[in-house]
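# A closer look at the structure
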Amino acid sequence: QVQLVESGGGLVQAGGSLTLSCAASGSIFSRYTMGWYRQAPGKQRELVARITSGVNSNYAESVKGRFTISRDNAKNTVYLQMNSLRPEDTAVYYCNAVRRLHLYWGQGTQVTVSS
């Protein structure tokens, strides 16, 4: 069992930056692929970025070059550094952990980017 708690969301102006954190507890964090997803009002949840246990990462095309995912296995935490934020980045951001058939979600944190 894995519990995920996101933090770091908030209101920021376009062009600004935020760093989201997701703290995990309850299992062997380093073995999980960790991901950040987001869901805007009226839209489906979409993958933003993902990082494997081997620290390979991939990103949605819309955030490449602006967002960076990283993990600190000693702190059981995954981060999403978001730069050059745009109004279209406004969404609830969710952390997720996947390993084999196990999938866990956090409760989400709101990110609002004003124009």
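The sections below set out a description of the structure shown in this document. (Residues numbered from 1 in each chain as written. Predicted model: local features only at pLDDT ≥ 70, side-chain atom pairs only at ≥ 80, totals over all residues. Heavy atoms only, no water.)

## Description of the sheet that holds strand S8 (residues 77-82)
Pairing between sheet strands relies on hydrogen bonds along the backbone, with the strands arranged either parallel or antiparallel. In space, the 4 strands of this open sheet follow the order S1-S3-S8-S7, with antiparallel pairing throughout. The sheet is open, and its two borders are formed by strand S1 (3-7) and strand S7 (67-72), each paired with just one other strand. Mean inter-strand twist for the sheet, computed between neighbouring axes without regard to direction, equals 15°. As defined by bridge partners, S1 adjoins strand S3 (residues 18-25) across 5 bridges and the pair is classed as antiparallel. Pairing of Glu6 across the sheet is with Cys22, part of S3. (Pairing = 2+ DSSP bridges. Helix = DSSP H or I, 4+ residues; strand = E, 2+ residues; numbered from the N terminus. Axes fitted to C-alpha atoms, helices over the stretch in contact; angles between N-to-C directions.)

## A word on the nonpolar core
Inside soluble globular proteins, nonpolar side chains tend to come together where they are buried. In this structure, Leu4, Met34, Trp36, Val78, Leu80, Met82 and Tyr93 are the most contacted members of the largest nonpolar core, which totals 30 residues. Of all elements in the fold, only S3, strand S4 (33-39), strand S5 (46-51), S7, S8, strand S9 (91-99) and strand S11 (109-114) reach the threshold of two or more residues within this core. If near-sequence neighbours (up to four positions away) are discounted, Met34 is found in contact with Leu4, Cys22, Phe29, Ala49, Arg50, Ile51, Ile69, Arg71, Val78, Cys95, Asn96 and Ala97. (Core = buried A, V, L, I, M, F, W, Y, C linked by side-chain atoms within 4.5 Å. Buried < 20%, exposed > 50% of the residue type's maximum accessible area, 1.4 Å probe, protein only. Contact = heavy atoms within 4.5 Å.)

Honestly, that's just the spatial picture; any functional story needs more than this.
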